[in-house]
Amino acid sequence: AFKKAFFYLDKEKKERESIAYLPFGAKHADGAYDLAKAYAKMEYKTLLVDLAADAAAADDGFSRYLAGAAKEDAVKASVEDGVSVISRSVLAENGKELMASKTLATFLAKKEEEYDRVIVNAPDLKGCADAYAVAQLCDRTVVGCRRTDITGTDLYEIETTLDNSAVRVDGVVVYGN
């Protein structure tokens, strides 16, 4: 499914762009990671910014930077399957609202200059409004969901909320059985 999403999104052949991946009912970055791997396999320099990271698996440098408690050099990326990955640590943020911050917008703009593709895995659409704020910071938007976890009503509500947020949805990736 993600290779097909790659081919659809890549048809315009833009040199650089950011893509918000909005998961519905997903607790991990699997869908965004699969999309990022598809770009990396096609030789795009790819960064995954995981804003829905599990606190235990994330380095707190990125969250401290977003909160203004650290400089940008505190942000460390790991590399997995040819994809650079930066993850946030929710615990380090102490409940601060950082997804709609100017710091995040500036950070993503800088990374777009450095990478061919910046895939931003937003927090789960099901649980918080942060995903909608993140989508406004990116060039493209893709909603990802498991076939068994979403209804037509859910899709309608997502579409309506994104429309009201002035976010254009470029596609919906439905995966799984």
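Above this text sits the structure in question.
Residues numbered from 1 in each chain as written. Predicted model: local features only at pLDDT ≥ 70, side-chain atom pairs only at ≥ 80, totals over all residues. Heavy atoms only, no water.

A.B. asks: I'd like a description of the overall build of the protein chain, backed by residues and values.
C.D. replies: Scanning the protein chain from terminus to terminus reveals six helices and seven strands. For the protein chain, the sequential pattern of α-helices and β-strands runs α-β-α-β-α-β-β-α-β-α-β-α-β. Counting only residues that meet the buried cut, the protein chain has 50% of its 177 residues in that class. A fraction of 81% describes how many contacts in the protein chain between residues 6 or more apart in sequence connect residues 24 or more apart. Surface exposure of the protein chain reaches about 9000 Å², of which carbon and sulfur atoms provide 48%. (Helix = DSSP H or I, 4+ residues; strand = E, 2+ residues; numbered from the N terminus. Buried < 20%, exposed > 50% of the residue type's maximum accessible area, 1.4 Å probe, protein only. Contact = heavy atoms within 4.5 Å. Areas by Shrake-Rupley, 256 points an atom, 1.4 Å probe, with all protein chains shown as cover.)

A.B. asks: Account for the environment of Val167, with residues named and values stated.
C.D. replies: Structurally, Val167 can be placed in the loop between α6 (152–164) and β7 (171–175). Separated by 34 residues in the primary sequence, Val167 and Ala133 place their C-alpha atoms 9.4 Å from one another. Beyond its immediate chain neighbours, meaning those up to four positions away, Val167 contacts Tyr132, Ala135, Gln136, Thr141 and Leu162.

A.B. asks: Requested: an account of helix α4 (residues 102–114), with residues and values cited.
C.D. replies: Taking 1.5 Å per residue, 13 residues should reach 18 Å; α4 reaches 19 Å between its end C-alpha atoms and fits that length. Buried within α4 are the following residues: Leu104, Phe107, Leu108, Lys111 and Glu112. Down the axis of α4, the sector holding all buried residues measures 140 degrees, keeping them to one side. Structural note: α4 exposes Lys102 and Glu113 on the side pointing more than 90 degrees away from its buried face. Elements that come into contact with the buried residues of α4 comprise β1 (17–24), β2 (46–50), α3 (61–66), β4 (83–87) and β5 (117–121). (Expected span 1.5 Å × (residues − 1). Arc of directions from axis to C-beta.)

A.B. asks: How would you sum up the sheet that holds β4? Please name residues and give values.
C.D. replies: Taken in spatial order, the seven strands line up as β3-β4-β2-β5-β1-β6-β7 in an open sheet, and their pairing is mixed. A single partner strand is all that each edge strand has here, and the edge strands are β3 (78–80) and β7. Neighbouring strand axes in the sheet, compared pairwise and without regard to direction, differ in orientation by 25 degrees on average. Relative to β7, strand β6 (residues 140–146) is paired through five bridges, and the arrangement is parallel. Across the sheet, residue Val143 finds its bridge partner in β7, namely Val172. (Pairing = 2+ DSSP bridges. Axes fitted to C-alpha atoms, helices over the stretch in contact; angles between N-to-C directions.)

A.B. asks: Go over the pattern of salt bridges, please, and point to the residues and values.
C.D. replies: Within this structure, the stated rule accounts for nine salt bridges. Between Glu17 and Arg117 there is a salt bridge, with the nearest N and O atoms lying 3.7 Å from each other. Taken as a pair, Glu17 in strand β1 and Arg117 in strand β5 lie far apart in primary sequence, 100 residues in all. Residue classification places Glu17 among the buried residues on the basis of a relative accessible area of 2%. When its relative accessible area of 0% is taken as the criterion, Arg117 is described as buried. (Salt bridge = Lys/Arg side-chain N within 4 Å of Asp/Glu carboxyl O.)

A.B. asks: Any details on the nonpolar core? Residues and values, ideally.
C.D. replies: Leu22, Val49, Phe62, Val120, Leu125 and Ile158 are the most contacted members of the largest nonpolar core, which has 30 residues in total. Of all the secondary-structure elements, those providing two or more residues to this core are β1, β2, α3, α4, β5, α5 (130–135), β6 and α6. Of the residues forming this core, the biggest block, four residues, is contributed by α5. If sequence neighbours within four positions are ignored, Phe62 has contacts with Val49, Leu51, Val75, Ile86, Ser87, Arg88, Leu104 and Phe107. Counting residues in each nonpolar core, the second largest holds 17 residues, with Ile19, Ala26, Tyr39 and Val173 among its members. (Core = buried A, V, L, I, M, F, W, Y, C linked by side-chain atoms within 4.5 Å.)

A.B. asks: Go over the environment of Tyr39, please, and point to the residues and values.
C.D. replies: As for its position among the elements, Tyr39 is in helix α2 (residues 30–41). Taking C-alpha positions, Tyr39 is 8.7 Å from Val83, a pair spaced 44 residues apart along the chain.

A.B. asks: I'd like a rundown of the side chain of Arg88, residues and numbers included.
C.D. replies: Residue position: Arg88 is located in the loop between β4 and α4. Reaching out from Arg88, the side chain makes a polar contact with the backbone oxygen of Leu51 at a distance of 2.5 Å. (Polar contact = N/O pair within 3.5 Å; in protein donor to acceptor, adjacent residues only side chain to side chain.)

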